[in-house]
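Here is how the chains run, residue by residue.
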Amino acid sequence: MKLELSSGLFTVDQLLEADVCELLEKGKFYKKRFARGQDKKVGGLSGLRMINMFFEPSTRTRISFEAAAKSMGMLVSNIIADASAMSKGETAIDTLLTINAMNFDVIIIRTDKANLPYELSRYSKSAIINAGDGSNEHPTQALLDLFTIDERGFPIGKGHSVAIVGDLIHSRVAKSNTKLLLAMGYKVILVSPLHWAPDPKEWGIDGYDNYICSNGLDSIKDADVVMTLRIQTERFSDIHRGKIDPTKYNEQYGIKEGTLTKNQVLMHPGPVNRGVEIDESVLYNSQSAILDQVENGVAVRAAILEKILRG
Ligand code: CP
C-alpha cells in the first residue's frame, strides 16, 4: 500500500515517477528564487509550524530544512537532543505527543533508529519527514542528489549510470539513492569491500536487473556520476569494527587525482573525511558537485515541504 505523502515522507518507495518529476521541477523554481542576492521570501506556507527533531548531528539537512521553511514563511522550532526532555528519560512517543499538542504542521526527524519516523507517524497528527533513520533511509537526500544528477546533464529516462562507492551497508543515503535511481531507470554500480555489500532483498532492489555489485573501483569507469561515501564508524557492529584501516581504504577505494575520467561528475552527501574516501585535491574541483548538492538541498526541501503540506 502506498503511504500518502500528506502523512509525510518516510521512504523513497512512496514516490511515483510523477511525484519525483514534480519535485524536480518545483526544485528548479525554488533554486532560482533562493539564489544569492535574491529576496528569498517566497511565502506559500505562511504561518504553518515546522519543528526539527534531530537526535543525531546534522549540518546540511537541519539547516536546509530551516532555511527552506523560513523562506516559505513558516514558523520554525528546533529540539536540541541533549537539551530535550528525552535526556531526562522521556520516550520518543511521549516527546512526539507533546510536540503534537503544540499543533506543529510538520515534524522533521533524524534518529539512529531505523523506521522510527514511520512508527511515530501512527501517533502523529502532524506530517513527518524522515531526515535520516539509522542505516535505513534518507529520502530527501536521494531527491536532492537526483536533482543534482539531472542538473549536471544526466536526466531521468536516458539510461545514465551512477556508481556509489564505499560503506554501503551502513549508508541510508546509498540505500535511498539506489532505490530511487533504479526506479527512475538509471543503472547503478555498487562498489564496496565485500563485507560492506548490501543484501539486495533487505534493500528491496532484488526485483531490478539494472544494477551490479563490485568490490573493485575499476568498475566505475562507465559511470556518468560517481558518488562516494563516508565510512560510518558510529554504525559499526562488532563484525565490522577493526576491519578497516583508513589509509589502506584510501589506497583501494579513495577518489584521487586521476581516478575519474574528465566527464565524470563527483558527488558526496557529506560530511566528508578528507584523505579517506576522497582526496583534498579533487574535493571541490570542477568535476565535483558536492557544494551544488548542498545548495540544491534547500530548494528541493522547499519543494518537498510544499508537496507534503499543500498537496
Ligand atoms: N548529508 C547529510 O545528511 O548531511 P548532514 O548529516 O550534515 O545533515
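Residues numbered from 1 in each chain as written. Predicted model: local features only at pLDDT ≥ 70, side-chain atom pairs only at ≥ 80, totals over all residues. Heavy atoms only, no water.

Thoughts on the overall build of the chain
For clarity, the threshold we go by: The numbering of helices and of strands both runs from the N terminus, where a helix is a DSSP run of H or I of at least 4 residues and a strand a run of E of at least 2. Two things to know: the radius of gyration comes from C-alpha atoms, and the globule rule equals 2.2 Å times the number of residues to the power 0.38. Accessibility here uses a 1.4 Å probe with only protein chains present; expressed as a share of the type maximum, an area under 20% marks a residue as buried, one over 50% as exposed, and anything in between as partly exposed. Areas reported as accessible are Shrake-Rupley estimates using a 1.4 Å probe. Residue values count occlusion only from the protein chains shown. This count recognises Lys and Arg as positive and Asp and Glu as negative, with His and chain-terminal groups excluded. By convention, the point assigned to a charge is CZ for Arg, NZ for Lys, CD for Glu and CG for Asp.
Within the chain, the regular secondary structure consists of 10 helices and 10 strands. At 19 Å, the chain has a C-alpha radius of gyration in line with the 19 Å of a compact globule built from 311 residues. With the principal axes as the frame, the chain shows a C-alpha extent of 55 × 45 × 40 Å. Across the 311 residues of the chain, 54% fall into the buried class. For the chain, the exposed surface amounts to about 13900 Å²; the carbon and sulfur share of it is 51%. Side chains of the chain carry 37 positive and 39 negative charges; the gap between the two charge centres is 5 Å.

Some words on empty space enclosed by the protein
Rule in force here: Here a cavity denotes a set of grid points, spaced 1 Å apart and computed over the protein atoms alone, in which a 1.4 Å probe fits but from which it cannot get out, and a pocket denotes an open set meeting protein on both sides within 12 Å along at least five of seven lines; residues with an atom within 4 Å of a point are reported as lining. Grid points are joined across faces, edges and corners, and a volume is the space filled by probe spheres set on the points. Only Asp, Glu, Lys and Arg are considered charged, only Ala, Val, Leu, Ile, Met, Phe, Trp, Tyr, Cys and Pro nonpolar, and every remaining residue, Gly among them, polar.
In the structure shown here, the tally under the stated rule is 1 cavity of 30 Å³ or more. Taken together, Arg60, Gln141, Leu144, His268, Pro269, Ile290, Gln293, Val294, Gly297 and Arg301 form the lining of the largest cavity. When grouped by side-chain class, the residues that make up the lining of the largest cavity number 4 nonpolar, 4 polar and 2 charged.

Regarding helix H5 (residues 139-151)
Cut-off, in case you're wondering: Helices are assigned an expected span. That span is 1.5 Å times one less than the residue count.
Helix length check: H5, at 13 residues, gives a terminal C-alpha distance of 18 Å against a target of 18 Å (1.5 Å per residue), a fit within 8%. Within the sequence span of H5, burial applies to Pro139, Thr140, Gln141, Ala142, Leu143, Leu144, Asp145, Leu146, Phe147, Thr148, Ile149 and Asp150. At the exit of H5 stands Gly153, carrying a positive phi of roughly 100°.

Describing the pairing of strand E9 (residues 225-228)
To be explicit about the condition: A pair of strands is considered paired only if DSSP assigns at least 2 bridges between the two.
Residues Val225 and Met227 point to one face of E9 and Val226 and Thr228 to the other, with burial holding for every one of them. Bridge analysis of strand E6 (residues 161-165) against E9 gives 4 bridges, and the strand direction is parallel. Counted as the bridge partner of Ile164 is Met227 from E9. With 3 bridges joining them, E9 and strand E10 (residues 265-267) adopt parallel strand pairing.

Side note on the site of the ligand
Keep this limit in mind: The cutoff for a nearby residue is simple: one of its non-hydrogen atoms must lie within 4 Å of the molecule or strand. Residues adjacent in sequence count toward polar contacts only when both atoms are side-chain atoms; beyond that, a polar contact is any pair of N or O atoms within 3.5 Å, and within protein one must be able to donate a hydrogen and the other to accept it. Think of it this way: if more than half of a molecule's atoms are within 2 Å of a pocket's grid points, that molecule is in the pocket or cavity.
In the neighbourhood of the ligand, the contacting residues comprise Pro57, Ser58, Thr59, Arg60, Thr61, Arg110, His138, Gln141, Pro269 and Gly270. Pro269 has a polar backbone atom sitting 2.9 Å from a nitrogen atom of the ligand. Compared with its free state, where it exposes 260 Å², the ligand has 93% of that area covered by protein. Using a 2 Å cut-off from the grid points, one finds that the ligand occupies the largest pocket. A per-class count over the shell around the ligand returns 2 nonpolar, 6 polar and 2 charged.

A short note on the packing of helix H1 (residues 17-33) against H5
Condition: Axes here mean lines fitted to C-alpha atoms, for a helix over just the part in contact, with angles spanning 0 to 180 degrees between N-to-C directions. Oblique is the label for any angle not under 35 degrees, not over 145, and not in the 65 to 115 range, which are roughly parallel, roughly antiparallel and roughly perpendicular in turn. The contact criterion used is simple: two residues touch if any of their non-hydrogen atoms lie within 4.5 Å.
The interhelical angle for the contact between H1 and H5, taken along N-to-C directions, is 75°, at an axis separation of 10 Å. Considered as vectors, H1 and H5 are oriented roughly perpendicular to each other. Contacts from Val20, Leu23, Leu24, Gly27, Lys28 and Lys31 in H1 reach Leu143, Leu146, Phe147, Asp150 and Glu151 in H5. Classifying every residue of the contact of H1 with H5 by side-chain character gives 6 nonpolar, 1 polar and 4 charged.

Just geometry here; none of it tells us what the structure is for.
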